[in-house]
Amino acid sequence: MPKINIGLSEEQRHGVIELLNRDLADLYLLLIKTKKYHWDVIGPQFRTLHELWEEHYNALTISIDETAERVRQLGGYPLGTAAGFIEYGSLKEHPNDLPSASEMVARLVQDHEQVIRNLREDIDKCGEQFHDEGTADFLTAKMEEHEEMAWMLRSFLEGESLDPSGRRVGDETMPAVNA
Ligand SMILES: [Fe+2]
C-alpha cells in the first residue's frame, strides 16, 4: 500500500482523523434529532418548522458525507455504526419524550451551539497542534453552516418588538440599530 506523504506526521494525521470522527458522530446524532422533530412537531409553526428541519437534515446529510470522506482522504476510516456515533458523540439524546415545538427549537439551538464550540476547538487544534490547515479550513466552513442553522432556530425564540431607537425590546446588550 502506498504511504500517505502529504507533509503530516502519522501522529498529526491520526489526531485529525480522531477529531473528524468525533465531529462526524455529533453530526449524525444531530441529524437523527432533527429528523425526529421534523416528524413530531405540532402547533401553529408546524409547516415552517417541519420544512426548516427538512432543509437542515438535508444539509447535515451532505455535511456527514463530506466529513466521512475527509477522514478517508487522510487515510483513516470513518465511524459507521450507531453504537460508535453514540460512544464518540458529545450530544445527548432525549428518548421517550415529546416536547413542545419551542422546546424542540431550544434543544436544537443548544445542540448546534455545542457543535459550534467543539468545532471552534478542533479548528484551533488542527492549526496549532496538527498543522493541518486544510482540515482547519474544512471545519471552519462547517462551523459557519452551524452558526447559520443556530441563528435560524434561535430567531424562533426571540421577541419581535423594537423600541423607537430600533433596539430590540428586552435586549440591552446590543447597540441601538439607529445609533
Ligand atoms: Fe419528511
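What counts as what
- Residues numbered from 1 in each chain as written.
- Predicted model: local features only at pLDDT ≥ 70, side-chain atom pairs only at ≥ 80, totals over all residues.
- Helix = DSSP H or I, 4+ residues; strand = E, 2+ residues; numbered from the N terminus.
- Buried ≥ 20, exposed ≤ 12 C-beta atoms within 10 Å, placed from the backbone.
- Contact = placed C-beta atoms within 7 Å.
- Core = buried A, V, L, I, M, F, W, Y, C linked by C-beta atoms within 7 Å.
- Axes fitted to C-alpha atoms, helices over the stretch in contact; angles between N-to-C directions.
- Parallel < 35°, antiparallel > 145°, perpendicular 65-115°, else oblique.
- Nonpolar A, V, L, I, M, F, W, Y, C, P; charged D, E, K, R; others polar.

Q: Would you mind going over the overall build of the chain in detail, with residue names and values included?
A: In terms of regular secondary structure, the chain is built from five helices and zero strands. Along its sequence from the N terminus, the chain presents helices and strands in the succession α-α-α-α-α. Put simply, the chain has 179 residues, and 27% of those count as buried. Of the contacts formed within the chain by residues at least 6 apart in sequence, a portion of 68% connects residues at least 24 apart.

Q: Quick rundown of the nonpolar core? Include the residues and the values.
A: Leu-24 and Tyr-28 are the most contacted members of the largest nonpolar core, which totals 21 residues. Take this core: its biggest share by element is 10 residues, from helix 1 (residues 10-40). If near-sequence neighbours (up to four positions away) are discounted, Tyr-28 is found in contact with Ile-64 and Phe-85. If you look at the next biggest cluster of nonpolar residues, it comprises 10 residues, including Leu-49, Trp-53, Met-149 and Leu-153.

Q: Report on the packing of helix 2 (residues 46-73) against helix 5 (residues 133-157), specifying residues and quantitative values.
A: With their axes 12 Å apart at the nearest point, helix 2 and helix 5 run at an angle of 170° to one another. In terms of orientation, helix 2 lies roughly antiparallel with respect to helix 5. Here Leu-52, His-56, Ala-59, Ser-63 and Arg-70 of helix 2 lie close against helix 5, whose contacting residues are Thr-135, Phe-138, Lys-142, Glu-145, Met-149 and Met-152. Class assignment of the residues belonging to the contact of helix 2 with helix 5 gives a composition of five nonpolar, three polar and three charged.

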